[in-house]
Every structure is written in C-alpha cells, then in structure tokens.
Amino acid sequence: LHMLNIAEEHQHALRNGDLSKPAGVQACIAAVEALNNCMNVKLLPGHRKMQSVAEQLIKCESLRQHFESRFIRHINNMFVLQGADQNITLTQESGDLILPNHRFYHEELLPYTPLMAWLKTSNPAIFTDLSKVYTDNIRKLYERQIKEFFDLVKFKLTGTKEGMRFRIQESFEKLTASTSNLQKSLFRPSFYEHLGSEADFADRGMMDRVRDGQDGEWSISTSCMQITDQVLAELEPMCIAEEEFITKFFMMNEDRSSETVQQEVILGSRSDTLIVVNEDSSERIRICRSVAEQEDPALHSTRKMMSEIFSTLEADLKGFVNLCDKINPSNSLHLLVTVSQRALTVQDGGPCSFLKSTLGNILVQVKRNFDKCIYAFCKQIEEAKVPKKIRVVILPFVVEFDEFLNVAESIFKNTDRRGNLDKAYNKVIAAVFASVKNIASMNLKKPPDVVIMENFHHIFCCLSKMKIISLEDKKKEAYQQYTEHCNLYVTKYLGQPLEKLNNFFDGVKARISQGVKEDEVSYQLAFSKQELRKVIEKYQGKEVKKALENLYKKVTKHLSEEENLLQVVWRTMQGEFVRQYKEFEDMIARCYPGSGITMNFTVEDILQYFSDITKSN
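Everything numeric in this text was worked out from a predicted model, so none of it was measured.

A tally of regular secondary structure across the protein gives 25 helices and zero strands. For the protein, contacts bridging at least 24 residues in sequence account for 80% of all contacts bridging at least 6. Entry remark: accessible area of the protein is about 29800 Å², with carbon and sulfur atoms responsible for 52%.

Next up on the list: the environment of L235. Position of L235 relative to the elements: it lies in helix α10 (residues 222-249). Using a relative accessible area of 4% as the deciding quantity, one classes L235 as buried.

As a further point, take unusual backbone geometry. Within the chain, M251 stands out as a residue other than glycine whose phi angle is a positive 50 degrees. Among the secondary structure elements, M251 is positioned in the loop between α10 and α11 (258-277). Given a relative accessible area of 10%, M251 falls into the buried group. Phi is positive for N564, which is not a glycine, with a value near 55 degrees. Topologically, N564 is positioned in the loop between α23 (541-558) and α24 (566-591). The class of N564 is exposed, set by a relative accessible area of 60%.

Let's shift gears to the packing of helix α18 (residues 418-440) against helix α19 (residues 448-466). The angle between the axes and the distance between the axes are what describe a pair of packed helices. For the pair α18 and α19, the least separation of the axes is 8 Å and the interaxial angle reads 160 degrees. Comparing their axes, α19 and α18 come out roughly antiparallel. The segment α18 lies against α19, with I429, V432, F433, V436, K437 and A440 engaging P448, V451, I452, N455, F456, I459 and L463. The class makeup of the residues in the contact of α18 with α19 is eleven nonpolar, one polar and one charged.

It is worth spelling out the side chain of D85 at this point. Within the secondary structure layout, D85 lies in the loop between α3 (51-84) and α4 (103-109). Only 2.6 Å separates the side chain of D85 from the side chain of Y105, close enough to count as a polar contact. If near-sequence neighbours (up to four positions away) are discounted, D85 is found in contact with Y105, L141 and R144.

Along the chain, R64 falls in helix α3. Taking relative accessible area as the criterion, R64 reaches 14% and is therefore assigned buried. Filtering out sequence-adjacent residues up to four positions away, R64 remains in contact with L35, M39, W118 and S122.

Going through the model one piece at a time under the given rule, you end up with three cavities of 30 Å³ or more. Its boundaries defined by the atoms lining it, the largest cavity holds a volume of some 50 Å³. Lining the largest cavity are L232, L235, E236, C239, L313, L317, R342, L355, T358 and L359. For the lining of the largest cavity, the secondary structure elements donating two or more residues are α10, α14 (313-327) and α16 (353-382).

What follows covers the packing of helix α13 (residues 297-309) against α16. Packing of α13 against α16 brings their axes to within 9 Å, and their N-to-C directions diverge by 65 degrees. With respect to each other, α13 and α16 are oriented roughly perpendicular. Here α13 runs over α16; the crossing is right-handed. From α13, L299, T302, R303, M306 and S307 reach across to α16, where they touch S353, F354 and S357. Of the residues in the contact of α13 with α16, the class split is three nonpolar, four polar and one charged.

Another aspect to go through is the environment of T491. Tracing the sequence through the fold places T491 in helix α20 (residues 472-494). For T491, a relative accessible area of 45% gives the class partly exposed. Separated by 82 residues in sequence, T491 and M573 place their C-alpha atoms 8.0 Å apart. From its side chain, T491 meets the backbone oxygen of N487 in a polar contact 2.8 Å long.

In this section: α23. Look at α23: 26 Å from first C-alpha to last across 18 residues, which is about the 26 Å you get at 1.5 Å a residue. Of the surrounding elements, those touching the buried residues of α23 are α19, α20, α24 and α25 (603-616).

Looking now at a positive patch on the surface. Together, R391, K445, K554 and K557 make up a region of like positive charge exposed at the surface. Along the chain, K557 turns up in helix α23.

Our focus in this paragraph is the packing of aromatic side chains. The description of an aromatic ring pair rests on the distance of the ring centres and on the angle between the ring planes. Using the criterion set out here, one finds 29 aromatic pairs in the structure. A ring pair is formed by F310 and F354, whose centres lie 5.7 Å apart and whose planes are at 20 degrees; its orientation type is stacked. Within this pair, whereas F310 is found in the loop between α13 and α14, its partner F354 is found in helix α16, the two being separated by 44 residues in sequence. With 5.4 Å between their ring centres and 40 degrees between their planes, Y581 and F601 make a pair best called tilted. Here F601 lies in the loop between α24 and α25 and Y581 lies in helix α24, a separation of 20 residues in the sequence. By the burial criterion, Y581 is buried, and F601 matches it. Through successive ring pairs, a cluster of aromatic residues spans F79, F127, Y134, F245, F249 and F250.

Reading the values: the criteria
Residues numbered from 1 in each chain as written. Predicted model: local features only at pLDDT ≥ 70, side-chain atom pairs only at ≥ 80, totals over all residues. Heavy atoms only, no water. Helix = DSSP H or I, 4+ residues; strand = E, 2+ residues; numbered from the N terminus. Contact = heavy atoms within 4.5 Å. Areas by Shrake-Rupley, 256 points an atom, 1.4 Å probe, with all protein chains shown as cover. Buried < 20%, exposed > 50% of the residue type's maximum accessible area, 1.4 Å probe, protein only. Axes fitted to C-alpha atoms, helices over the stretch in contact; angles between N-to-C directions. Parallel < 35°, antiparallel > 145°, perpendicular 65-115°, else oblique. Nonpolar A, V, L, I, M, F, W, Y, C, P; charged D, E, K, R; others polar. Polar contact = N/O pair within 3.5 Å; in protein donor to acceptor, adjacent residues only side chain to side chain. 1 Å grid on protein atoms, 1.4 Å probe; cavity = no way out; pocket = protein on both sides within 12 Å on 5 of 7 lines; lining within 4 Å. Points joined across faces, edges and corners; volume = space filled by probe spheres on them. Left-handed = near helix turned anticlockwise from the far one by under 90°. Expected span 1.5 Å × (residues − 1). Patch = residues over 30% accessible without salt bridge, like charges linked within 9 Å, V, L, I, M, F, W, Y side chains within 5 Å. Salt bridge = Lys/Arg side-chain N within 4 Å of Asp/Glu carboxyl O. Lys, Arg positive; Asp, Glu negative; His and termini not counted. Charge placed at Lys NZ, Arg CZ, Asp CG, Glu CD. Phe/Tyr/Trp six-rings, centres within 6.5 Å; stacked < 30°, edge-to-face > 60°.

Written as structure tokens, this is what we have:
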C-alpha cells in the first residue's frame, strides 16, 4: 500500500503548483513522475478488492484528472497568447529584411516538454488536440510576420509603396510585362508577350519604373541578388528552428525505430536529392517524397504540421521568384543557381524535411521560369525584324546575346547547374545564327554578305573572349561564316574597278571551257589581241587608283565602325586584287604568247595605290 502513496509535496504540486514559474514547473514534473510510478504499480487481482487500495487508486486518478485539466488549460492559453502576440512583428520602418526570432517562444514552451510527453501517454486524444491548437495559433503569427516580410521584400524590389497594397503572390497575378523595355526597343517584340495578361495601370507603371532604372534586359541586378540571398537566409533558420522545436516538443521522433531511421538515410536522402536534381518532373518528385513518408510516418507528420504552420510560405516564395523574373529575365538565372545551392545546403546540413520539400517545389518553379525565359529569348530572336529605313549595324539581338553570355557566365561560374546553362546556350545561339541570315536576306541598306560578316565576326569575338567550352563548335562555325561572307563580299565588289577586264577574261575562260585551245583564243574575233589591247588601254594607272578610291568609299559606307573591319576587308581586297592581276598576266602569257601585251600598271603600283588610299583616309 505504501507504493501507492504520493508525498504531500507532490499532491500539492499537482493541485496547486504554479505552472507559470520554472520552480513550479519542475515541481509538477517531479509530481507527475511520482504519480506515474504509483499508477503503474503492478497489483495482484485480489489487491484491487481491498478498500484502501481502491481508495488510493481513486485518489491517484483524481489527482491525474485535476492536474491534466490544469495543465491543458495553462498550455492552451500559452499557445493562444503566443499566436496573438503583437509585439514580435517585423518593423517595416527599419527597412531591414529580418524575420522575428521565435527563440523566446520556444524557450518558453520547452520546459513543458516532459509534461507534454506525459500527456501524450496519459491522454493521446487531448495531446493531438493541443498540437492542433498550437498549429492554428502559431500559424496566425507566422502569417502576419511573413506577410509583412514579403511586403517589405516587394517594396525593396519595386521601390514603390504601391506594392504594399496586396500580398506578393497576388502582385504577381496583377503585374504584367507588357510594358517591358524589350517592347520599347525598336527591333524587338515584348519579351514576355506570351505571358502577358490584363493589369491595372498603377502596377504596370510600377514595373516600368523598376525596369527603367536598369542598364539592360540582360544585366546583373545586384539588389535583387542581395534580396534573394537575404530572403532565403532569413527563412531557412526560421523553418529549421520551428521544425526542430515541434519535433522535440511534440515528440515527433518518439516512435521511430532504428530500422526507420536507416530507411530514412537510404530512401529519404535519395528522394530529397531528387527534389534538387530533377527540375523537369514535379510528378516524380511528389512520388519519391510520398514513398519516403510511407516508410517514415514521423517524417510525414512533421512535414504535415509544418505545412499547416507555414501554410502561405510556398505561395509567397513562388510569388517572389515570379516577381523577380518579371522585373528582369536575368533574375531567373540567379534564382536557379541560388535556390539550387540553398536546397543542396539544406539537404546536406540537417533533417529539416519541410524546408527541403519547400525549396524543392520552389526550385521546380524557378526552373520553369528559367525555361520560359530562354524560350521567350529565342522567340524574340526568331521574330526579330529590322525597319528598312534604318541602317543596320550589329543586330540588337546579337548585342543582347553578348550581354546574355556575360551575365550568365558571371552567375553560373563554378556552380553545379552548368548543364542547364549549356542546353540554353545551344538553343539561343541556334536561333541567333538562323535569324542573322534571315534578316540579312531582307531588303536592307547593306549588302547581305556585310550583315552576315559583321554579325558573325561580333559573335566570334564574343565567344573567343568568353572561352565557353560547350560553344567551341559554334565559335568555329561563326568564324567560318565570317570569313566565307567576307570573301564573297570582296569578290563581288572588287570586280568593279576592273569590270571590263574581268568580263573580257571571263569570256576567255568560257571559250577555253568550250574546248578552244588557249593559243587559239586570240583568233576569236571578240577576244583578239586588238580587243584585249583596247580593254587594257582603258585601265591606266590613274584610272585604276581612282576606281579603288571609289571602292574604298563604298566599302566605308557599307561597313560599320563598331566592328572595325574596314582595314581587314581592305587588306583582303588588296590581296585579291593582286591575285587577279597575276591571274590576268598569266592568262595573257598563255593565251597571247609573244604578243608583248602587258598591263599599264604593276603589282608594286597596286600596293602603292592601296597604301596611299589607306593613309589619305
């Protein structure tokens, strides 16, 4: 019977112990332990018939019910008060992106963990109800704090107070990119035209002001990068701390066996890695995750409770990444790298299943935005048009491609997302190559060969500077296109200074190809020695130099200063002119042997003409 007796101090603690003070809580914990010892005494069947034993058991049960009621009421009130606390909120006036720390709340509740463990064993239904009360109340607090946090994020991103009117995920639905800088460009349609929707004018103006402050569509938005890093840096410790707290306070891992833990290491890690690696199939991610949860009910319970506590977090994060993407397409590149790295860090660094899951879902959204961004860029390039009245230099999308490479390389340098970028490169550069040739064939103020030559030269120089391994073949192709069309241009326009002479010898070649012997060509009336002398007589040294000067002016008009190809083309023309001259001399020697016919100028004269023209200009 003495084993059923509870000390007076324990009875007092159970009836009147002050649960609001540490000493009182410790006294109640000791009393509950003593009460458990009494109620778990093994009794023989006959003992329960003894009046004194029955009375003592009734007394223990009465104490248990009384304390249980007191504890439930006390802890329930703590949950409600924490959820309604208005003192711990984000201070927008400070302008700092800092989420309130919940450590005080956790430290306030953790001393009650032994009592929660007792309640879980004593009355599982009430324990479950209390966990729901905690979830409902703390969710309200987190919702307020996260809403204020993302409102401030949006304000920092857009630089206007108009963005504070509605939640960030709502702002994404309201905003449109129909007034993008890309639409303002004379040569380009709206970059996100295929994503556009109706929007109110205030929000559209807000986005315009954000874009107008940037140097270009493909530029590194330092502020957005910093804000993204701050957002993830603030959310990660908050989620980890809350999950660690509920796992400990609500004994989420209590029933996990060593076999379950081992399965988590093998299966859970693999599924969470898929969340990071698999960027194309959310279905596969969801299936892998559900398998891990079936193997580990505790993991499922923890994630479910965290999802209820942070019910709006995923939507807010998706709204944030979509807003960043709207502001500047290069932000989707940075987000892909940053979110991926953060997801891998969480994967390697701890057991926060909710944060792994959330970042995995956000990473899927970010990858979709990245793919849409690349698709839109390619579409813009493919549909590019140039007004006929405007003199084309380097095509705008070629300049943008250069900017895109510089921004992408600076963002993806030494990251594990290189594969995604290389795939994007190949899609974009294929569109660039095709569109350059397409536009060159239009009725422009420049010869098509010049358009192709200059733009592929620009691309070649860009790729040579960047030294991107995956684009080595494209660099070679760009150089090939540049040199090929440079030669075509030189051949076409160099024939003009000696046009009649060119035509004469073209006729000679035609006769030879028809079977006329070389030494018999001069017997053809149209190609007699006399006719050759007449043609040569028309090309005195002064006339040749004047024709070359006119050619130089024409070439100068065709070529742009930006690419600085004038001297390259002029030297090529000089070499081609000398080659043609020597070819003419050779044909005179073969077809008109012993005639004594010679040109009125020499190779040295030609070199001097070209040199003088270059110096004079």
